[in-house]
Amino acid sequence: MTSVDKLWYTRCPVPTASGLAHNQGWLAEEFRLAGLDIGILQDAGLELAERHFDHRLLGLFREGGNVPALAARSAGAPTRLIGLTWIEEWQSILVRADSGITDAAGLAGARVALPAWAETRAKSFPRAMALHGFKGALSQAGLTLDAVTFVEVAAQAKPSVGRDAGARAFSWPGIAELARGEVDAVYAKGARAAEQAAEIGAVVAVDLDAHPDPRTRVNNGTPRPITVHARLLDERPDLVTGFLAQTLRAADWARGDLGRVREILSAETRSGADAVATAYRAAGSRTACACPSWPARTRTRRGPRSAGCGPSPCSPARAPPASRPPPTPVRGCGRAST
């Protein structure tokens, strides 16, 4: 006897294969055949939307940042890892054009933006992202976090993924302070940050995506976990298998319809088409690795599939880039020529 009578799905406003599957109607179709409805936390009110961060909702599938997932698990949430994806998403260290900082070594002695704590550890993911982003950038020059001075900057205290989230004004933490000269460098990633970087004329000093060692860009979204409520996994592993099957179906489909993928990502990330093309500029060549973690007798083994978004740890490392010219302004959609 199962206690699961409704399924729920949530994702962050970032590129996800499961988000593609949802937008194509494949998740609803999959679970309709099982006689179950699937609710979307992005369409829910504040109380339900909170479950995106604490994972305490029976029947919940989540694809999103690993910082909230780790925080929820450490707090005892009944959540289980069933997959990992790796999507390059324009992870960059931004500086002002007149800063004189052109590479990782140039960050030594810089004032760097550190987003303030939110109301919970799980919601403080921007702070964690900045710390790890700068750690990865500095490591390229053999430096540590001790080489920079952190300046705390404003950040959302109560981030939400619910139906009110799209109407909220959003500024990437540290962008305004960078424009005012209060900090020298900001960690940024994704399409929204690319747009805002272009608006203030910021330049990319360190392109984390370009480094041949993916460990330098391990962060909140790299890798990005797919998690599920433990009771759903225990009671209905067939539904978990179905979710992953549709996610992999979407990953395969994405390779053949990049135009439609970018339309969906524009809506998912609440960004313009140009910013999506910049932030996810290698879309179509990357992979998602499904890593089911339930017992072998119920596991469906599937090899790496393209998620339409970029190389994963499963893929061979790229060759080191050739010598790179000084950074140029982020133009229009936020793309830096480096």
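Just so we're clear, the structure is a prediction, and the values are computed from it rather than from any experiment.

## Concerning the overall build of the chain
Line of reasoning, step 1. Secondary structure summary: the chain contains twelve helices and twelve strands in total.
Line of reasoning, step 2. Expressed as a percentage of the 338 residues in the chain, the buried residues total 53%.
Line of reasoning, step 3. Contacts spanning at least 24 positions in sequence make up 77% of the contacts within the chain whose residues lie at least 6 apart.
Line of reasoning, step 4. When the accessible surface of the chain is split by element, carbon and sulfur atoms take 52% of a total near 14100 Å².

## A short note on the nonpolar core
Line of reasoning, step 1. Core analysis: the largest hydrophobic core is formed by 66 residues, its most contacted members being L7, F61, L94 and L107.
Line of reasoning, step 2. Ranked by residues supplied to this core, first place goes to helix α10 (residues 237-254) with seven residues.
Line of reasoning, step 3. When near neighbours in sequence (up to four residues on either side) are disregarded, L94 contacts I175, L178, D184, A185, V186, A188, A197, A202, V203 and V204.
Line of reasoning, step 4. Counting residues in hydrophobic clusters, the runner-up holds five residues, among them F53, A71, A122 and V161.

## Let's talk about the sheet that holds strand β9 (residues 203-207)
Line of reasoning, step 1. Sheet architecture is open: three strands sit in the order β8-β5-β9, paired in antiparallel fashion. Across the chains shown, the open sheet's two edge strands, defined by having one partner strand only, are β8 (186-188) and β9. On average, each strand axis in the sheet is tilted by 40° relative to the strand beside it, whichever way the strands run.
Line of reasoning, step 2. Most of the contacts of helix α6 (residues 125-139) go to β8, to which it runs at about 100°, and overall it touches β5 (92-95), β8 and β9.

## Topic: the pairing of strand β3 (residues 60-63)
Line of reasoning, step 1. Of the two faces of β3, the one lined by L60 and R62 and the one lined by F61 and E63 are each fully buried.
Line of reasoning, step 2. Bridging between strand β1 (residues 7-11) and β3 involves four bridges; their strand directions are parallel. Paired with T10 across the bridge in β3 is R62.
Line of reasoning, step 3. Bridge count between β3 and strand β10 (residues 224-229): three bridges; the pairing is antiparallel. Residue pairing for β10: E63 is matched across the bridge by I226.

## Thoughts on α6
Line of reasoning, step 1. Here α6 contains 15 residues, and its C-alpha end-to-end distance of 21 Å stays within 8% of the 21 Å for a straight helix at 1.5 Å per residue.
Line of reasoning, step 2. Among the residues of α6, those classed as buried are P126, R127, M129, A130, G133, F134, G136, A137 and L138.
Line of reasoning, step 3. Against β5, β6 (111-115), β7 (149-153), β8 and β9 lie the buried residues of α6.

## Description of helix α5 (residues 66-74)
Line of reasoning, step 1. When we look at burial in α5, the residues that qualify are N66, V67, P68, A69, A71 and A72.
Line of reasoning, step 2. Close packing links the buried residues of α5 with α4 (51-54), β3, α6 and β10.
Line of reasoning, step 3. G76 sits one or two residues past α5 and shows a positive phi near 95°.

## Some words on the pairing of β9
Line of reasoning, step 1. Most of β9 sits out of view: five of its five residues are buried.
Line of reasoning, step 2. Of the strand pairs in this sheet, β5 and β9 are connected by four bridges, and their pairing is antiparallel. Across the sheet, residue S92 finds its bridge partner in β9, namely D207.

## Some words on the environment of N219
Line of reasoning, step 1. Tracing the sequence through the fold places N219 in the loop between β9 and β10.
Line of reasoning, step 2. Sequence separation between N219 and A130 is 89 residues; the distance between their C-alpha atoms is 8.9 Å.
Line of reasoning, step 3. Filtering out sequence-adjacent residues up to four positions away, N219 remains in contact with N66, Q91, A128, M129, H132, G133 and Y187.
Line of reasoning, step 4. Of the polar contacts made by the side chain of N219, one reaches the backbone oxygen of M129; its length is 3.1 Å.

Rules behind the numbers
- Residues numbered from 1 in each chain as written.
- Predicted model: local features only at pLDDT ≥ 70, side-chain atom pairs only at ≥ 80, totals over all residues.
- Heavy atoms only, no water.
- Helix = DSSP H or I, 4+ residues; strand = E, 2+ residues; numbered from the N terminus.
- Buried < 20%, exposed > 50% of the residue type's maximum accessible area, 1.4 Å probe, protein only.
- Contact = heavy atoms within 4.5 Å.
- Areas by Shrake-Rupley, 256 points an atom, 1.4 Å probe, with all protein chains shown as cover.
- Core = buried A, V, L, I, M, F, W, Y, C linked by side-chain atoms within 4.5 Å.
- Pairing = 2+ DSSP bridges.
- Axes fitted to C-alpha atoms, helices over the stretch in contact; angles between N-to-C directions.
- Expected span 1.5 Å × (residues − 1).
- Polar contact = N/O pair within 3.5 Å; in protein donor to acceptor, adjacent residues only side chain to side chain.

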